[in-house]
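# Structure at a glance
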Amino acid sequence: MIKIEVKKSREILQKQNIFEKICCYGATIMALIVFGVVAIGSIFQTSVIDPDNFSLEVILYQNDNVFINLLMLLCFFGLAFLLYRYRNIFARISERQLMIALAVYTIVVGMVWIIKVQCVPAADSGTIYDTAVDAIKGDWSSFYTSDDETLRGLSYYRLFPYQLGFVLISEIVYRIMGYETALPIQIINVLALAMLYIGLLKIAKKIFHSKGVVVILTFLLAACVQPILFTPFAYGNIIGFSAAIWSCYCVICFMQSENRKRDLWFIPAALLMALSIIAKYNNLIWLIAVAIGLIIYVVKTKKWVYLISVAGFCIVSILGLNLVIMSYEARSNTEIGSGMSQILQLDMGLNESYMAPGWYNGMAKRMYVDHAGDGQAADEEAKKDLQARKEKFMSDGVYLCEFFGKKILSQWNEPSYESLWVSQVKTHYYGEVESYSWLDKVYNGAWGQALYTYFDLYHMIVFVLFCVAMVALLLKRCGPEAIMLITTLLGGFFYHLLFEAKSQYSLTYFILIVFFAAYGLHFLLKTISIQWKTK
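Residues numbered from 1 in each chain as written. Predicted model: local features only at pLDDT ≥ 70, side-chain atom pairs only at ≥ 80, totals over all residues. Heavy atoms only, no water.

Together, Ile100, Val104, Tyr105, Val108, Val109 and Val112 give the surface a local cluster of nonpolar side chains, amounting to about 480 Å² of exposed area. Judged by relative accessible area, Val108 falls into the partly exposed class, the value being 47%. (Patch = residues over 30% accessible without salt bridge, like charges linked within 9 Å, V, L, I, M, F, W, Y side chains within 5 Å. Areas by Shrake-Rupley, 256 points an atom, 1.4 Å probe, with all protein chains shown as cover. Salt bridge = Lys/Arg side-chain N within 4 Å of Asp/Glu carboxyl O. Buried < 20%, exposed > 50% of the residue type's maximum accessible area, 1.4 Å probe, protein only.)

Dropping the structure here:
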């Protein structure tokens, strides 16, 4: 197995051109720097949701016991090395069996969790649920006005038209499975998470060419509890991420195939990416990253004709959400408009919030509503405020570092990623959580405290292993397939560094960090094992 990996590594080194080397070095070094900061931060401190302001998502920054954290890291690596010596146990277990086992585990645990929790959608997810149900009933009133007093009569979709993508997905699901509760979407979340994991395992095999990485990734994903706890959240995060992963898999199959019909991989890739953006508009980050990966591939192979396919892939991916919005405009017989601009969102992300720096503060919505939906006038006000923020940052370097430092740690070093919070603060279809029940122990008791301690340790280990993986990929020079995924992580990091932050937004990216952490652990164990034998 090691000989095969060395051969693959040499082939990559021989085939890389200058452009690909620059992209490889640029992506891996940048990822090592930005997430290295988080890895170091995770050893020294932890961001937590203030228990006294839990429903308001106020973030506190708590100092950790560095000695205990380093001891836990040492114990983990020691245990991992001992287990690695018995890796032959998995020789008879096929990768297909590993995928099935992980999928079954995810579905069983996920289904039990969403059935036990039964949380009711609220805020944005609640609005989407209500709109989807109203659409089934033929009620289009939410497209004309809103019950939310802060919107002063404006429709929610005048501000956030891109949310109509998940409205459509919800409407289709509820038409098929019923709309008495939001449980159907939560079930789809669980199934999408299982598919996401299978997609990651298949991608790991194609990129790293190692069963060892697949085995380690299987166990790391099984140990990653946060995404399963997040499945009651009736929103497009998991569904969109799963579709993006499978779109990437199709693109990788295209890159690695020698078949004459390999161009056909662009069709499912484009459709899945369109679905991903429809489910979650921020997944445009995925589209950009995949396009970059494809351009690197085209330059490397000098097959310039594929630029047409790349352009078609991007057009189809973007067109999906626009068609959805147009369809709802036609069905509701109203014009929705383009919504709040990115300038407003940027202004909000660069301002203070009672939660944490750059988190939601209502500024963008207030400006848009104050100008009665006049986007141009709202943008002018935002530009003036952005100029003031720019002057503040430039004149006070200490404040600049403190603002962005806390913003980074508040979203990337909050180990639960609000996976429990999203259901804990909601009401439940069966009523209040009974005192001393197992769910109450998870939310408010010793079980919950144990979970948060586990999140903290797991999160720290994963980020350290991610940094090891970046060093390994830097030494071996990764190809466009891995660069594509690393670019996605960088895109998510820098987008939320500038725009609205929230730790739950980082959860899906954290799953991708786990993906690379598996390779980091495999590389580390294999290197130590080789050195051990030579001695």
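Bringing the pattern of salt bridges into the picture now. Tallied over the full model, the rule gives 12 salt bridges. Its salt-bridge partner being Arg331, residue Glu171 comes within 2.8 Å of it at the nearest N-O pair. Pair noted here: Glu171 is in helix H7 (residues 164–177) and Arg331 is in helix H14 (residues 306–332), with a separation of 160 residues, a long-range link. Measuring nitrogen to oxygen at the nearest pair gives 3.6 Å for the salt bridge that ties Glu402 to Lys406. One end of the pair is Glu402 and the other is Lys406, both in helix H18 (residues 397–412) and four residues apart, which spans about a single turn. Within the structure, one salt-bridge network assembled from shared partners comprises Arg152, Arg366, Asp370 and Glu381. (Helix = DSSP H or I, 4+ residues; strand = E, 2+ residues; numbered from the N terminus.)

Once that is clear, we can look at the pairing of strand E1 (residues 45–49). E1 sits mainly inside the fold: four of its five residues count as buried. Pairing of E1 with strand E2 (residues 59–63) involves five bridges; the strand directions are antiparallel. The residue bridging Ser47 from the neighbouring strand is Tyr61, located in E2. (Pairing = 2+ DSSP bridges.)

Okay, helix H17 (residues 375–395) next. With 21 residues, H17 extends 30 Å between its outermost C-alpha atoms, agreeing within 8% with the 30 Å of an ideal straight helix rising 1.5 Å per residue. Within H17, the full set of buried residues consists of Ala378, Asp379, Ala382, Leu386, Arg389 and Phe393. Down the axis of H17, the sector holding all buried residues measures 90 degrees, keeping them to one side. Among the exposed residues of H17, those oriented more than 90 degrees off its buried face are Lys384, Met394 and Ser395. Against helix H15 (342–349), helix H16 (363–370) and H18 lie the buried residues of H17. The N-cap of H17, judged by a side-chain oxygen 3.2 Å from the amide nitrogen of Gln376 a few residues on, is Asp374. (Expected span 1.5 Å × (residues − 1). Arc of directions from axis to C-beta. Contact = heavy atoms within 4.5 Å. Polar contact = N/O pair within 3.5 Å; in protein donor to acceptor, adjacent residues only side chain to side chain.)

What follows covers the packing of aromatic side chains. A full pass over the atoms with the stated rule returns 45 aromatic pairs. Aromatic pair Phe35 and Phe466: ring centres 5.4 Å apart, planes at 80 degrees, arrangement edge-to-face. Of this pair, Phe35 sits in helix H2 (residues 18–44) while Phe466 sits in helix H21 (residues 446–476), and the two are 431 residues apart along the sequence. With relative accessibility at 0%, the residue Phe35 sits in the buried group. Under the relative-accessibility criterion, Phe466 is labelled buried at 0%. Both rings, one in Phe393 and one in Tyr399, keep their centres 5.9 Å apart while their planes meet at 20 degrees; by these two values the pair is stacked. Among the residues examined, Phe393 registers a relative accessible area of 9% and is labelled buried. In this structure, Arg87 is placed above the aromatic ring of Tyr84, and the distance from its NZ or CZ to the ring centre is 4.2 Å. (Phe/Tyr/Trp six-rings, centres within 6.5 Å; stacked < 30°, edge-to-face > 60°. Lys NZ or Arg CZ within 6 Å of the ring centre and 35° of its normal.)

A separate point is the environment of Val167. Its location among the elements puts Val167 in helix H7. With 191 residues separating them along the chain, Val167 and Gly358 place their C-alpha atoms 27 Å apart. For Val167, the residues in contact, after removing those within four places along its chain, are Ile128, Thr131, Ala132, Tyr157 and Tyr328.

Glancing now at helix H12 (residues 266–279). For H12, which comprises 14 residues, the first-to-last C-alpha distance of 20 Å matches the rise-based estimate of 20 Å (1.5 Å per residue) to within 8%. Residues of H12 that are buried include every one of Phe266, Ala269, Ala270, Met273, Ala274, Ser276, Ile277, Ile278 and Ala279, and no others.

Core analysis: the largest hydrophobic core is formed by 170 residues, its most contacted members being Phe35, Phe313, Leu512, Phe515 and Phe516. Ranked by residues supplied to this core, first place goes to helix H23 (residues 507–534) with 15 residues. Those residues in contact with Phe515 that lie beyond four places of it in its chain are Leu200, Ile203, Ala204, Ile207, Phe208, Leu217 and Leu485. If you look at the next biggest cluster of nonpolar residues, it comprises 10 residues, including Trp113, Cys119, Val442 and Tyr443. (Core = buried A, V, L, I, M, F, W, Y, C linked by side-chain atoms within 4.5 Å.)

For the chain, the average pLDDT comes to 92, and 96% of its residues sit at 70 or higher. Throughout residues 1–14 the model reports pLDDT below 50, and contacts reaching past four residues in sequence, or to other chains, amount to 16 contacts. (pLDDT = per-residue confidence, 0-100.)

Our focus in this paragraph is the packing of H18 against helix H22 (residues 480–498). Axis separation between H18 and H22 bottoms out at 10 Å; the angle between their running directions is 125 degrees. In this view, H18 runs oblique relative to H22, as classed from their interaxial angle. Between H18 and H22 lies a crossing of right-handed hand. Within the contact between the two elements, H18 uses Phe404, Lys407, Ile408, Gln411 and Trp412 and H22 uses Gly492, Phe493, His496, Leu497 and Leu498. Looking at the contact of H18 with H22 residue by residue, the class counts come to six nonpolar, three polar and one charged. (Axes fitted to C-alpha atoms, helices over the stretch in contact; angles between N-to-C directions. Parallel < 35°, antiparallel > 145°, perpendicular 65-115°, else oblique. Left-handed = near helix turned anticlockwise from the far one by under 90°. Nonpolar A, V, L, I, M, F, W, Y, C, P; charged D, E, K, R; others polar.)

It is worth spelling out the side chain of Gln226 at this point. By secondary structure assignment, the location of Gln226 is in helix H10 (residues 226–230). You can call Gln226 buried: its relative accessible area is 0%. Discounting chain neighbours no more than four positions away, the residues touching Gln226 are Pro415, Ser416, Ser419, Phe455, Tyr458, Leu507 and Phe510.

Glycine aside, a negative phi is what most residues show, and trans is what most peptide bonds show. Located in the positive-phi region is Arg152, a residue other than glycine, with phi close to 50 degrees. With respect to the helices, strands and loops of the structure, Arg152 is situated in the loop between helix H5 (123–137) and helix H6 (156–159). Phi at Ala372 is positive, roughly 55 degrees, even though this residue is not glycine.

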